[in-house]
Structures are given as structure tokens and as C-alpha cells.
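Letter by letter, the chains look like this.
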Amino acid sequence: MKKIWLVLTIVCVFVLSSCGGDSKTPTKVEEETENMPEEAEDVQPAPSPNDGAPEEPTNSNAESDSGIPGYTVEFNIIDIDMMGQGQSMAIGYFMKTAREDLEEDEVEDVTLDTCVMGESSPRVPKCLSKADCAPEQECVPETDSNGNVIENSEHCETPNRASLDVGPVEIAGFNGGPYPFAYEPGDQVYKMNGTGDGSIDRSLIAYGVDYTIRGENMIPDDLNSLSATFRMPPMLQLIEPAATEGGTFGAAIAIDNSKPLKFVWEGNGGQGYIDITITAAQSLANTVSVTCKVIDDGEFTVPEEFASQLVFGGGGDGMMDQMLAMMNMIIFDRHTESPITGDGISVGRVSSEQLIMVNVLPTGSN
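Residues numbered from 1 in each chain as written. Predicted model: local features only at pLDDT ≥ 70, side-chain atom pairs only at ≥ 80, totals over all residues. Heavy atoms only, no water.

Caption draft 1: Expanded view of the overall build of the chain. A count of helices and strands for the chain gives four helices and 20 strands. The 366 residues of the chain split such that 43% are buried. Partitioning the intrachain contacts of the chain with sequence separation of at least 6 by distance along the chain shows that 71% fall at a separation of at least 24. Summed over its atoms, the accessible surface of the chain is roughly 18100 Å², and 50% of this surface lies on carbon and sulfur atoms. (Helix = DSSP H or I, 4+ residues; strand = E, 2+ residues; numbered from the N terminus. Buried < 20%, exposed > 50% of the residue type's maximum accessible area, 1.4 Å probe, protein only. Contact = heavy atoms within 4.5 Å. Areas by Shrake-Rupley, 256 points an atom, 1.4 Å probe, with all protein chains shown as cover.)

Here it is in C-alpha cells:
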């Protein structure tokens, strides 16, 4: 259930976080020179859990404790449509590069247009103990949103890493932009205007256009600049089957599990990929998920051998039926990314996630 819990956690952050008056009121960068003020060199990084530790080297050959030089940077733009309710966010971070940053798994072409039972392929632990890791790493498991250990998720990870304030960054491509992004010390991530909870107004997101990220004269001497250009895909919209009224929570997608399930959406020309996850709750103790990782070309059919294993409960007016109806869900998750490059950057990427979460209206035999 990792993916569903992750998505719900993001949504809960949006809904429950207290938002200040300017948390969603962006400040447009009127001129390029305003984006990189000369005073930036005087800005000091916010305190971090590593305060008191030996000072990081600042020369051009600076390395982390692992001996890996440079910095890791990532920016994410996330747009969620959850049963007709939309939320969006844009955040980023900078860290000293760790060994595991260079070993992240990539999506192989051979895994695309395939389906598995469950929300991902079966996990295989990457380590069994610290002895399997580099000296600066620990062997640790992943946990879900409740803090429960995810079985077979052990991996090597560098502990006590801190997000860094390296000076302002400008992102162009948003409607009405470009906008400044700055380090917010409370959450220790980069946010639009450096304020708020990371959420942004959905009307700011422009689709089917190029975005650029730029940073110059950054605070560490060994991180001079960064740049990236990436194409925001078209808005993710499901064409077939079309959402229909009649669901317990508004519009829903009709699913007949007695035959292959064909999905059609506005594709991204085969660039990037989409995870299609269908979860069926026959009872609170009996849920089944099918996940298909597919090329983002606009069409995919879930084979009958997978569709037939989806048994949907609910359908009545009772409290239990409503709970099951909420759990019967389809998630479309579109992922695209492009590299971020620059002096001092060892690993960099900018990514976009578009998620559609909609309830299922069963029509076939269950």
C-alpha cells in the first residue's frame, strides 16, 4: 500500500497544514536582475541537525564524508486531482551528494507496458546488515506513513544528511512567472517565495510548455550555478472510460472486471511513463491491487488475467459499504523528469508528477 499511503499523506499535508496569508500568493520576478540579488552572498544557511559538526569544506574539490564530491539537487512539481478536488505543490532541496544518490534505480524499457499484482514488483532487500554497505552508510528499511517497516525494503543509506540553503533559485514556465524559490528553514526545503507549506495555486501550472530553472552565484564556492530545461506534459486527462456520475463520492469510472480494461488518455508522445494502479476492496481485510507501468503514449489495456482478480466490495448505503467504496480506486500517476546540471552538481533532476485519483463504479461480475 506504499503508493496510496504516500499520496494520501501528501493530500493530508495540503488539507491540514495552516497556510499563512501569502503561502499561495506568489511574487513574480519582474526582471532577471532581481532574481539573483547581490546580497545573496551574505545569506547564512539555516541551522541543521549537523550544527556543531566539523565545517564542510568549501573549496572546488569539496567532498562529502563518503568521498563523493559535489551536491545533489532535486525539484518536484506535483499536481493531484483527488475525486474532483485539486491540490498542487512545488518544492526542492540541495544536499551534499551521498553514495546512494549515484546508485538510484532507473526505469528500464523492459519493465514498461507490464502489469504486476500489488502496487510494485516484489521487493528484494539490497542489504542485510551494515557490513553490506559502505563505511559511512547504514542498512535501514523504508517505512510507511504510519512508521511501519516495509518488508524487504532494506537498503544502504547515509544518515544525518541535512538540506542546505545555497541561495535563491528562479523557475520560469509557471503562468504569470518567473517566480523565485528560496529555502524555508521550518521544513528545510525550497518553496515558492520561501514561504508557506509548499502548496501552490493550481492555476499557476502551465501544461505543454517548457520550464527553466536557473541559479547563479550560489553561496558555496564549490556550487557556482545550475540550469535545467524540461517540458511539462499536457494536462493528464482520462478520455476512456470517461468519468460518470453515480459514484459514492461523486464522479467515478465504471469498471467491468470480466474483460480486459482499456484506458485512453492524452499522451505525452511516449516520453516518461504512467503508473496505473487499480485497488479493489472486497472487504476491509481483503484488498487486491494491480499496477501497470506503461509508456506515456496515450493508450493501454490491462489484460483480463489481471482484471479478473479485482473483486470490488461496497455498493450499498451502509457505513461499511461506503468505506469499501472509498477504497475502490484507480490512480493514474504520470512521471517525467529532466537533468539539472551546473558547476558543483553531481546529481540533479527536475521532475513532474500528475496524479488522478478516482473511485471505481463496478459493472461486471464480482
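Caption draft 2: Just the state of the cysteines, in detail. In this structure the tally under the stated criterion is three disulfides. Covalently, Cys 115 is tied to Cys 292 through a disulfide, its sulfur atoms 2.0 Å apart. Here the S-S torsion is close to 105°, and the disulfide linking Cys 115 with Cys 292 is therefore right-handed. Note that Cys 115 is positioned in strand S3 (residues 114–117) and Cys 292 in strand S17 (residues 286–295), a separation of 177 residues in sequence. Note on accessibility: Cys 115 and Cys 292 belong to one class, buried. (Disulfide = S-S within 2.5 Å.)

Caption draft 3: Representation of the environment of Ser 88. Relative to the assigned elements, Ser 88 resides in strand S2 (residues 85–96). Residues Ser 88 and Leu 204 lie 116 residues apart in sequence; the distance between their C-alpha atoms is 9.3 Å. In terms of polar contacts, Ser 88 uses its side chain to reach the side chain of Asp 79, at 2.6 Å. (Polar contact = N/O pair within 3.5 Å; in protein donor to acceptor, adjacent residues only side chain to side chain.)

Caption draft 4: Representation of the packing of aromatic side chains. Within this structure, the stated rule accounts for eleven aromatic pairs. For the ring pair Phe 174 and Phe 181, a centre distance of 6.3 Å and an interplane angle of 20° mean the geometry is stacked. In terms of burial, Phe 174 and Phe 181 fall into one category: buried. Clustering of aromatic rings is evident, with ring pairs tying together Phe 75, Phe 94, Phe 174, Tyr 179, Phe 181, Tyr 183, Tyr 190, Tyr 211 and Phe 230. Sitting over the face of the ring of Tyr 71, Lys 96 holds its NZ or CZ atom 4.3 Å from the ring centroid. (Phe/Tyr/Trp six-rings, centres within 6.5 Å; stacked < 30°, edge-to-face > 60°. Lys NZ or Arg CZ within 6 Å of the ring centre and 35° of its normal.)

Caption draft 5: View of a nonpolar patch on the surface. On the surface, Leu 284, Met 319 and Met 323 cluster together into a nonpolar patch covering about 310 Å² of accessible area. Along the chain, the position of Leu 284 falls in the loop between strand S16 (273–283) and S17. Residue class for Leu 284 comes out partly exposed when judged on its relative accessible area of 43%. (Patch = residues over 30% accessible without salt bridge, like charges linked within 9 Å, V, L, I, M, F, W, Y side chains within 5 Å. Salt bridge = Lys/Arg side-chain N within 4 Å of Asp/Glu carboxyl O.)

Caption draft 6: Layout of the side chain of Ser 199. Its place among the elements puts Ser 199 in strand S9 (residues 199–200). A polar atom in the side chain of Ser 199 sits 2.5 Å from the side chain of Asp 197.

Caption draft 7: Quick look at empty space enclosed by the protein. Scanning the model with the defined rule gives two cavities of 30 Å³ or more in all. Considering only enclosed or pocket space, the second largest cavity measures out at about 30 Å³ in volume. Lining the second largest cavity are Phe 75, Asn 76, Ile 77, Ala 90, Ile 91, Ile 171, Phe 174 and Phe 181. Listing elements by their share of the lining of the second largest cavity, those giving two or more residues are strand S1 (71–82) and S2. In terms of residue class, the lining of the second largest cavity is built from seven nonpolar, one polar and no charged. (1 Å grid on protein atoms, 1.4 Å probe; cavity = no way out; pocket = protein on both sides within 12 Å on 5 of 7 lines; lining within 4 Å. Points joined across faces, edges and corners; volume = space filled by probe spheres on them. Nonpolar A, V, L, I, M, F, W, Y, C, P; charged D, E, K, R; others polar.)

Caption draft 8: Main features of the pattern of salt bridges. All told, the structure shown has 17 salt bridges when counted by the stated rule. For Arg 161, the salt bridge is made with Asp 101, and the minimal N-O distance between the two is 2.8 Å. Residue Arg 161 is found in the loop between strand S5 (155–157) and strand S6 (169–172), and its partner Asp 101 is found in the loop between S2 and S3; the two are separated by 60 residues along the sequence. Owing to a relative accessible area of 10%, Asp 101 belongs among the buried residues under this scheme. A salt bridge links Arg 349 to Glu 337, with the nearest nitrogen and oxygen atoms 3.8 Å apart. Note that Arg 349 is positioned in strand S20 (residues 345–362) and Glu 337 in strand S19 (residues 329–339), a separation of twelve residues in sequence. Since its relative accessible area comes to 46%, Glu 337 is described here as partly exposed.

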